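Now for the letters of each chain:
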Amino acid sequence: MTPTPAPLHWKLVVDAADPHAQADFWAAALHYEIEDNSALVERLLQLGALPGAATVEFHGRPAFRDLIAVRHPDDPYDEASGTGLGRRLLFQRVPEPKTVKNRLHLDLHAGRDRRDAEVERLEALGAKVLRRVQEPSGQWVVMSDPEGNEFCVQ
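Read on for an overview of the structure. Note that this is a predicted model, so its numbers are computed, not measured.

1. Concerning helix 2 (residues 38–47)
- What helix 2 keeps buried is the set Ser38, Leu40 and Val41. What you see down the axis of helix 2 is that its buried residues fit within an arc of 160 degrees, all on one side. Away from its buried face by more than 90 degrees, helix 2 exposes Gln46 and Leu47.
- Buried residues belonging to helix 2 abut strand 3 (55–58) and strand 4 (61–64).
- Just past helix 2, the residue glycine 48 takes up positive phi, approximately 75 degrees.

If you want it as C-alpha cells, here you go:
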C-alpha cells in the first residue's frame, strides 16, 4: 500500500507595486501579523549574501525591499527567519501595474450581521466598494484593496 503523501505547505503570492503598503493593509484587514524577517535580513547582510540595496527599513527594522508577508497570528513560524509556517500572504514587488480582473481572490467571511461594519472598517483602511451583490445564493460586497485587487466580504 502506498503511503498517503503529506499535505503541501503553501502561501498565496500577490503581485504588488508597494509590497509593504499592501502588507500593512492586509495585516489590518485580516487581523494578521506582518512577518518580522529582520534577523534573517541582518544575517544575510552580514554574510554578504544580500546587498544593502535589496533591503529597506520597515516599521523600524530591516526588511526585504521587494517582498514581505503577513501571517495568521495563531499559526507557527520559524523563529530564526520569521517566516510563517501556516496561513500567509506574500506580497512581491513587480514592475507592471494590475491591468485586468483577478483570476483568484479572497472571500472574507464577516457574517451577515457584521458585513456592513466590516465593509466600513475596510474602507477606512483604504479599500473601495466596487459593487454590492444580492443573489438567491447570498449577498456580498465586492471590494478592491489599495492597489485594485478585488476581494469579497460576505
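2. Brief notes about the pattern of salt bridges
- Applying the stated criterion across every chain yields a total of nine salt bridges.
- Between arginine 87 and aspartate 75 there is a salt bridge, with the nearest N and O atoms lying 2.6 Å from each other. Separated by 12 residues along the polypeptide, arginine 87 in the loop between strand 5 (67–71) and strand 6 (88–93) and aspartate 75 in the loop between strand 5 and strand 6 bring together distant segments of the chain.
- For arginine 87, a relative accessible area of 40% corresponds to the partly exposed category.
- As a salt-bridge pair, aspartate 116 and arginine 132 come within 3.9 Å of each other at their nearest N and O atoms. Within this pair, whereas aspartate 116 is found in helix 3 (residues 115–125), its partner arginine 132 is found in strand 8 (residues 128–135), the two being separated by 16 residues in sequence.
- The network of salt bridges with common partners includes Arg65, Asp66 and Arg93.

3. Section: the sheet that holds strand 1 (residues 12–16)
- The mixed open sheet is built from four strands, whose spatial order is 1-6-5-2. Strands with a single pairing partner mark the edges of an open sheet, and in this sheet they are strand 1 and strand 2 (33–34).
- Two elements, strand 1 and strand 6, share five bridges in a ladder whose sense is parallel. Within the sheet, the bridge partner assigned to valine 13 lies in strand 6 and is leucine 90.

4. Focus on the side chain of serine 38
- Checked against the element boundaries, serine 38 lands in helix 2.
- Among the polar contacts made by the side chain of serine 38, one reaches the side chain of aspartate 36 at a distance of 2.6 Å.
- In contact with serine 38, not counting residues within four places along its chain, are Arg61 and Pro62.

5. Let's talk about the pairing of strand 6
- Across five bridges, the pairing between strand 5 and strand 6 is antiparallel. Considered in strand 6, the bridge of arginine 71 is made with arginine 88.

6. Concerning the packing of helix 1 (residues 19–30) against helix 3
- Two elements in contact, helix 1 and helix 3, have axes separated by 10 Å at closest approach and are oriented at 160 degrees. One way to sum up the angle between helix 1 and helix 3 is to call them roughly antiparallel. Our pair here, helix 1 against helix 3, has a crossing hand that is right-handed. Across the interface between the two elements, Phe25, Ala28 and Ala29 of helix 1 pack against Glu118, Arg121, Leu122 and Leu125 of helix 3.
- Among the residues making up the contact of helix 1 with helix 3, the classes are represented as five nonpolar, no polar and two charged.

Calculation notes
Residues numbered from 1 in each chain as written. Predicted model: local features only at pLDDT ≥ 70, side-chain atom pairs only at ≥ 80, totals over all residues. Heavy atoms only, no water. Buried < 20%, exposed > 50% of the residue type's maximum accessible area, 1.4 Å probe, protein only. Helix = DSSP H or I, 4+ residues; strand = E, 2+ residues; numbered from the N terminus. Arc of directions from axis to C-beta. Contact = heavy atoms within 4.5 Å. Salt bridge = Lys/Arg side-chain N within 4 Å of Asp/Glu carboxyl O. Pairing = 2+ DSSP bridges. Polar contact = N/O pair within 3.5 Å; in protein donor to acceptor, adjacent residues only side chain to side chain. Axes fitted to C-alpha atoms, helices over the stretch in contact; angles between N-to-C directions. Parallel < 35°, antiparallel > 145°, perpendicular 65-115°, else oblique. Left-handed = near helix turned anticlockwise from the far one by under 90°. Nonpolar A, V, L, I, M, F, W, Y, C, P; charged D, E, K, R; others polar.

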